[in-house]
Amino acid sequence: MKKNKILVIGSSGQIGTDLCLSLERIYGAENIICSDLNPPKEKNHRKNFIKLDVLDNEMLTKKVKEENISEIYLLAASLSALAEKNVLISWELNMNSLINVLELARKKIIKKIFWPSSIAVFGPDSPKLNTPQNTTLNPSSIYGITKLAGEKLCQYYYDKFDVDVRSLRLPGLIGWRSLAGGGTTDYAVEIFYHALKNNDYTCFLSKETILPMMYMDDAIEAILKIMTTKKENIKIRTSYNISAVSFTPKELEKQIKIYFPNFNVKFKPDYRQKIADSWPDSIDDQEAKVDWGWKAKFNLEKLTSEMFKNLSN
């Protein structure tokens, strides 16, 4: 019999680049199929890469059957800042991609799904500090609206069809293997490149905008942990809150200046500021800790050190 394989959709993006490496180390590169509309950069070359449009349901189903896929990690999405400029395209990608994959599980073609939600599901009516798992969800961005709708779909497909779909409300992510791709927290990745290449950076958020953030290694660890937890321990089928560290652009600048004392940041908020203002300052992730043992490892000091160490190399 052919061995079951894992399909990562959106493998060339910020999360996918790191996730594919980790999955290959755990399960063997021959068992991980990486897919995207865009091929990975040469330095991030994948052994098994296929070009795949997740919105082409016929082709998606064909490839899943041909490769004997049992699990799908659906990472393809139009992120918060980019989505505001392309509302209809973003809605189609973010919603129809999820429906297509959920239907594969409903039809018993695949067994398990990971789909990332976001802190963007919270809105101006949500508590700012230690935002709880269950609270008012009233997102003000189209990205947040698609993520909230997606969470409800995940819950529905689990309740109605016993689809094993698992999800995390990810905060802003900071990693070194790839650039960010159109989110409201992209400054926290861009700033490290500017510190190394230039002596200044213009930040598109105000210096006092505090947001939940996470180093990519923590995010990958959380994804792998929730996907390998026993099904009966997954008590939340919308999406779990997870948290690591919250900081402002000014606090990040101060930390970077430990390494580059002459580095200077100018603050010129743009349309992304309004999105950021609607998001929480910090997140309560007690349910994830209790249900499947989640715990972040990287604080601001440690993630800054790791970013410069890896980018310098």
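**Q** Which residues make up the overall build of the chain, and what are the values?
**A** The helix and strand tally for the chain stands at 11 helices and 14 strands. The C-alpha atoms of the chain give a radius of gyration of 19 Å, which matches the 20 Å a tight globule of 313 residues would have. Oriented by its inertia axes, the alpha-carbon framework of the chain measures out at about 60 × 45 × 40 Å. Residues counted as buried form 55% of the 313 residues belonging to the chain. Sequence-distant contacts, at least 24 apart, represent 79% of the contacts inside the chain between residues at least 6 apart. With an accessible surface of roughly 14000 Å², the chain has 50% of that area assigned to carbon and sulfur atoms. Between the mean site of the 44 positive side-chain charges and the mean site of the 38 negative ones, the chain shows a separation of 3 Å.

**Q** Report on the sheet that holds strand β12 (residues 240–241), specifying residues and quantitative values.
**A** Strand order in the open sheet made by the three strands is β6-β8-β12, with parallel pairing throughout. If you trace the sheet from one side to the other, it starts and ends with β6 (117–118) and β12, each paired once.

**Q** Which residues make up the nonpolar core, and what values go with them?
**A** Ranked by size, the top nonpolar core spans 39 residues in total, and within it I174, Y187, F192, F247, L252 and L303 carry the most contacts. No other element matches helix α6 (residues 187–197), which puts seven residues into this core. If you look at the next biggest cluster of nonpolar residues, it comprises 30 residues, including L19, L23, C34 and M216.

**Q** How would you summarise unusual backbone geometry if you had to cite specific residues and measurements?
**A** Trans is the common state for peptide bonds, and a negative phi is the common state for residues other than glycine. Here the phi dihedral of K108 falls at roughly 65°; this positive angle occurs in a residue that is not glycine. Within the secondary structure, K108 is located in the loop between α4 (87–106) and β5 (112–114). Relative accessible area serves as the criterion here: at 60%, K108 is assigned to the exposed category. A positive phi angle, near 50°, is found at N130, a position not held by glycine. With respect to the secondary-structure elements, N130 resides in the loop between β6 and α5 (142–161).

**Q** Run through the side chain of K112, naming residues and quoting values.
**A** Secondary-structure assignment places K112 in strand β5. Look at K112 and you get buried, because its relative accessible area is 15%. Here K112 is in contact with S70, E71, I72, D164, R166 and M227, once residues within four sequence places are set aside.

**Q** Summarise the pairing of strand β2 (residues 32–36); cite the residues concerned and give the values.
**A** Where burial is concerned, most of β2 is hidden: five out of the five residues are buried. Side chains of β2 alternate between two faces, with I32, C34 and D36 and I33 and S35 buried alike. As paired elements, strand β1 (residues 5–9) and β2 share four bridges and run parallel to each other. The residue bridging V8 from the neighbouring strand is C34, located in β2. In this fold, the crossover linking β1 to β2 by way of helix α1 (residues 14–27) has right-handed handedness.

**Q** Outline the pattern of salt bridges, supporting the account with residue identities and numerical values.
**A** Note that side chains of opposite charge can pair when their charged atoms are close. Following the criterion strictly, the structure yields 13 salt bridges and no others. Between R106 and E103 there is a salt bridge; the shortest N-O distance is 2.8 Å. With R106 and E103 both in helix α4, this residue pair falls three residues apart, about one helical turn. With a closest N to O distance of 3.0 Å, D164 and R166 form a salt bridge. Taken individually, D164 and R166 each receive the classification buried, so the pair is uniform in this respect. One salt-bridge network, held together by shared partners, links D164, R166 and R237.

**Q** Report on the packing of α6 against helix α8 (residues 249–256), specifying residues and quantitative values.
**A** Direction vectors running N to C along α6 and α8 enclose 30°, while the axes themselves pass 11 Å from each other. One element, α6, and the other, α8, form an angle in the roughly parallel class. In the packing of α6 onto α8, the handedness of the crossing is right-handed. Here α6 contributes Y187, A188, I191, F192 and A195 to the contact with α8, which in turn contributes P249, L252 and I256. Taken together, the residues that form the contact of α6 with α8 break down as eight nonpolar, no polar and no charged.

Thresholds, definitions, all that
Residues numbered from 1 in each chain as written. Predicted model: local features only at pLDDT ≥ 70, side-chain atom pairs only at ≥ 80, totals over all residues. Heavy atoms only, no water. Helix = DSSP H or I, 4+ residues; strand = E, 2+ residues; numbered from the N terminus. Rg over C-alpha atoms; globule rule 2.2 N^0.38 Å. Buried < 20%, exposed > 50% of the residue type's maximum accessible area, 1.4 Å probe, protein only. Contact = heavy atoms within 4.5 Å. Areas by Shrake-Rupley, 256 points an atom, 1.4 Å probe, with all protein chains shown as cover. Lys, Arg positive; Asp, Glu negative; His and termini not counted. Charge placed at Lys NZ, Arg CZ, Asp CG, Glu CD. Pairing = 2+ DSSP bridges. Core = buried A, V, L, I, M, F, W, Y, C linked by side-chain atoms within 4.5 Å. Right-handed = clockwise from strand over helix to strand, strands pointing away. Salt bridge = Lys/Arg side-chain N within 4 Å of Asp/Glu carboxyl O. Axes fitted to C-alpha atoms, helices over the stretch in contact; angles between N-to-C directions. Parallel < 35°, antiparallel > 145°, perpendicular 65-115°, else oblique. Left-handed = near helix turned anticlockwise from the far one by under 90°. Nonpolar A, V, L, I, M, F, W, Y, C, P; charged D, E, K, R; others polar.

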